[in-house]
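Working through the structure, step by step
Chain by chain, the residues run as shown.
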Amino acid sequence: MAKIIDGREISAAVKQQIKEDVVSLYKQGIEVGLAVIIVGDDPASKVYVANKEKACEQLGITSYKYALPAETTNEELLSLIEKLNNDKKVNGILCQLPLPKHLDEKLIINSIVPEKDVDAFHPQNVGKIMIGDFDFLPCTPAGVIEMIKYSGIEMSGKKCVVVGRSNIVGKPMAMLLLHNNATVTVCHSRTVNLKEECANADILVVAIGKAKFVTADMVKEGAIVIDVGMDRDENGKLCGDVDFDSVSQKAGAITPVPGGVGPMTIAMLMKNTLTAAKKQNSK
Ligand code: NAP
């Protein structure tokens, strides 16, 4: 049976450190603030935003929530973001995705000033990640790296396979593994011989959004398996992209869903907000 990499335990340790830093800033007269914008009534987005607000509260970070109606226009959203860009109390701005279809996601993301872009989605921050000179890392891939390091797993020289190439998870994940000296293969829906590619991995990171897609025959004996997926199984129960029951019999270590990558993503968002506050107050 694989060792379970416990995202709840690791995120608690990360958050404890953040909390101490937030208190120390507070003693210097600096309050840390995060603005969270949600447009419309998407139930999953509402849950994510509620979890982010809860984490802020736990850590002493002030959260400013803007819940806007689904019919909000680009102009209205841009005007709010401009106001927040110029608000000194707000260190980080997060616009919960996906936005309703009529809104221009790219335009909205690009309108957040890079110094407050705590999701690290702005092209300037994405470019900085590419050259390894970054202020913020995208929360989910950063959370995965933190989990691997915390678990004492070496990345240098290891064969890492990332399944999925989204801008939010797969691509930055591959880049961060590369920065940690891994030899990285990125797979996607057009990959030929996906099973063989996965079975070569010392560290396998899966982010495709397909419930229980990765089965034991796709995994090398003793491999480290990181499951980013947040899916629903045939009974509507939350599960990952990896078939945990079979893969955990073969892997050396594995992240569960829930309780794996999810809590780490939120912890990293808090870390980015703290970093933003420190940088903005050091000028
Ligand atoms: P996405 O934008 O839909 O991208 C999915 C990627 O998976 C695409 O690159 C796609 O390939 C690839 N893919 C789809 N089917 C495949 C297949 N059969 N074989 C190989 N590759 C395949 O998804 P995402 O935003 O990256 O999210 C992925 C999963 O992670 C979702 O379950 C999401 O809910 C979850 N997630 C979790 C967290 C967290 O905090 N735990 C955060 C973000 C996302 P193509 O490019 O060729 O289409």
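Residues numbered from 1 in each chain as written. Predicted model: local features only at pLDDT ≥ 70, side-chain atom pairs only at ≥ 80, totals over all residues. Heavy atoms only, no water.

**Description of the sheet that holds strand β2 (residues 33-39)**
Within the open sheet, the three strands sit side by side as β3-β2-β4. Their pairing is parallel. Because the sheet does not close on itself, it has two edges, and the strands there are β3 (62-68) and β4 (92-95). Taken over all neighbouring pairs, the strand axes of this sheet differ in orientation by 15° on average, direction set aside. As paired strands, β2 and β4 are joined by four bridges and run parallel to one another. (Pairing = 2+ DSSP bridges. Helix = DSSP H or I, 4+ residues; strand = E, 2+ residues; numbered from the N terminus. Axes fitted to C-alpha atoms, helices over the stretch in contact; angles between N-to-C directions.)

**Notes on the pattern of salt bridges**
In this structure the tally under the stated criterion is ten salt bridges. In this structure, the salt-bridge partner of Asp87 is Lys89, at a minimum N-O distance of 3.7 Å. With a relative accessible area of 47%, Lys89 lands in the partly exposed category. Put simply, Asp202 and Lys220 hold a salt bridge, and the shortest N to O gap is 2.7 Å. With a gap of 18 residues between them, Asp202 in the loop between α8 (194-199) and β7 (203-206) and Lys220 in the loop between β7 and β8 (224-227) connect regions that are remote in the sequence. On the accessibility criterion, Asp202 (21% relative accessible area) is partly exposed. For Lys220, a relative accessible area of 32% gives the class partly exposed. One network of salt bridges, with partners in common, ties together Lys128, Asp135 and Lys279. (Salt bridge = Lys/Arg side-chain N within 4 Å of Asp/Glu carboxyl O. Buried < 20%, exposed > 50% of the residue type's maximum accessible area, 1.4 Å probe, protein only.)

**Re the environment of Ser79**
Turning to its location among the elements, Ser79 is positioned in helix α3 (residues 74-85). A C-alpha to C-alpha distance of 9.7 Å links Ser79 and Ser111, two positions 32 residues apart in sequence.

**So, unusual backbone geometry**
Omega for the peptide link from Leu97 to Pro98 comes to 0°, which places this bond in the cis form. Inspection of the secondary structure assignment puts Pro98 in the loop between β4 and α4 (105-111). Note the cis peptide between Val257 and Pro258, where omega equals 0°. Tracing the sequence through the fold places Pro258 in the loop between β11 (253-254) and α10 (261-280). Its identity as a non-glycine residue notwithstanding, Lys212 has a phi of 55°, on the positive side. Counting through the fold element by element, Lys212 comes out in the loop between β7 and β8.

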